[in-house]
Amino acid sequence: MKKPVKKVLYGEDGWKYYWSEGDIHIQSGVIREKDLKNSRVKTHLGKEFICLPANFIDQTERIERGPAVIRHKDIGIILANIPLDAKTKILDAGAGCGLLAAFLARASKNVISYEINEKHLEIAKRNMQLLGVKYKLKKKDIYQGIDEKNLDVITLDLAEPWQVLSHTQKSLKSGGTLVAFLPHISQVEKLVTHAKEKFIVAKVCEVIERDWIIDPPKIRPNHQGLMHTAFLVFLRKI
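Every value quoted in this text rests on a predicted model; they were computed, and no experiment measured them. (Residues numbered from 1 in each chain as written. Predicted model: local features only at pLDDT ≥ 70, side-chain atom pairs only at ≥ 80, totals over all residues. Heavy atoms only, no water.)

1. Notes on the overall build of the protein chain
When helices and strands are counted, the protein chain shows 6 helices and 15 strands. The dimensions of the protein chain, computed from C-alpha atoms along their principal axes, are 65 × 40 × 30 Å. The 238 residues of the protein chain split such that 44% are buried. Long-range contacts, defined here as pairs at least 24 residues apart, represent 58% of the contacts in the protein chain between residues at least 6 apart. Entry remark: accessible area of the protein chain is about 13,200 Å², with carbon and sulfur atoms responsible for 50%. Of the charged side chains in the protein chain, 39 are positive and 28 negative; the average position of the first set lies 4 Å away from that of the second. (Helix = DSSP H or I, 4+ residues; strand = E, 2+ residues; numbered from the N terminus. Buried < 20%, exposed > 50% of the residue type's maximum accessible area, 1.4 Å probe, protein only. Contact = heavy atoms within 4.5 Å. Areas by Shrake-Rupley, 256 points an atom, 1.4 Å probe, with all protein chains shown as cover. Lys, Arg positive; Asp, Glu negative; His and termini not counted. Charge placed at Lys NZ, Arg CZ, Asp CG, Glu CD.)

2. So, the pattern of salt bridges
Applying the stated criterion to the full structure yields 11 salt bridges. Between Lys 73 and Asp 74 there is a salt bridge, with the nearest N and O atoms lying 3.3 Å from each other. A relative accessible area of 7% means that Lys 73 is categorised as buried. The closest approach of N and O atoms between Lys 140 and Asp 147, which form a salt bridge, is 3.5 Å. With a relative accessible area of 19%, Lys 140 lands in the buried category. Overlapping salt bridges, with partners in common, bring together Lys 138, Lys 140, Asp 147 and Glu 148 in one network. (Salt bridge = Lys/Arg side-chain N within 4 Å of Asp/Glu carboxyl O.)

3. Side note on the nonpolar core
One finds Ile 70, Ile 78, Leu 99, Val 111, Val 133, Tyr 135 and Leu 137 to be the most contacted residues of the largest nonpolar core, which totals 33 residues. Elements represented by at least two residues in this core include exactly helix H2 (72-80), helix H3 (99-107), helix H4 (118-131), strand S11 (172-182) and strand S15 (231-237). With 7 residues, H3 is the single largest residue contributor to this core. Contact partners of Tyr 135, with chain neighbours within four places excluded, come to Gly 98, Ala 101, Ala 102, Ala 105, Val 111, Ser 113, Ala 124 and Met 128. By size, the runner-up hydrophobic cluster in this structure holds 25 residues, among which are Val 188, Leu 191, Phe 199 and Phe 231. (Core = buried A, V, L, I, M, F, W, Y, C linked by side-chain atoms within 4.5 Å.)

4. Re the packing of aromatic side chains
Enumeration according to the criterion identifies 3 aromatic pairs in this entry. Summarising the aromatic geometry, the rings of Trp 15 and Tyr 17 are spaced 6.4 Å apart at their centres and angled 20° between planes, so their arrangement reads as stacked. For Trp 15, a relative accessible area of 51% translates into the label exposed. Aromatic pair Phe 56 and Phe 103: ring centres 5.2 Å apart, planes at 85°, arrangement edge-to-face. In this pair, Phe 56 is assigned in helix H1 (residues 56-60) and Phe 103 in helix H3, connecting sequence segments 47 residues apart. The two residues Phe 56 and Phe 103 agree in class, both being buried. The ring of Phe 56 is capped by Arg 106, whose NZ or CZ atom sits 4.0 Å from the centre of that ring. (Phe/Tyr/Trp six-rings, centres within 6.5 Å; stacked < 30°, edge-to-face > 60°. Lys NZ or Arg CZ within 6 Å of the ring centre and 35° of its normal.)

5. Describing the environment of Leu 156
Tracing the backbone shows Leu 156 in strand S10 (residues 151-156). Accessibility expressed as a relative area gives 3% for Leu 156, which makes it buried. Those residues within four positions of Leu 156 in sequence are excluded, and the remaining contacts are Ala 93, Ile 142, Pro 161, Val 164, Leu 178, Val 179, Ala 180 and Phe 181.

Pasting the structure below:
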């Protein structure tokens, strides 16, 4: 299992490095472990870096991949559009590497995540430990049903979420939120069409992210951005 990140180093050239243990060997030289207690460090070649303690977001940048990873920009919109506190009962299906469940579990003590793929399940378990969060991870196929009842939120990262609408309708509270993460607009159309009688379509969106370069007098948007990753569909049970 990967070791937790302890420090993050920022260089003037925009490079960022993560440190867990030992000396750091990079193109700009070597930074000794004993020097990393300082907020400013230099390589043996004289290149200076800012050294800061790592936080949760830094840890998420270093998780073990495997299945496709949901992006922070999409996670942010999901968190902002669901009821979320310590008592919120959440089912996350299609755990993948466990990143969305980890963010949900930072707020709620009642997160359950389904994953049918054994390899992905093991990756999610290791990432849960790395990130220092706790949620219930179950090997289960949501297409075969949902064990839990009276849920506030269900999040789905599935190829055919319309196939589980009857299960989600039985397990969600009245007014409960169903969120689907869908790469293709044809999937969105099919889900919304199937959901009409039992759910209200609260929101359908995608998130486009583009950073800006702030280096006076050069102030402009970056030429590249993080464009389409998926559509997010928010439904509420009638």
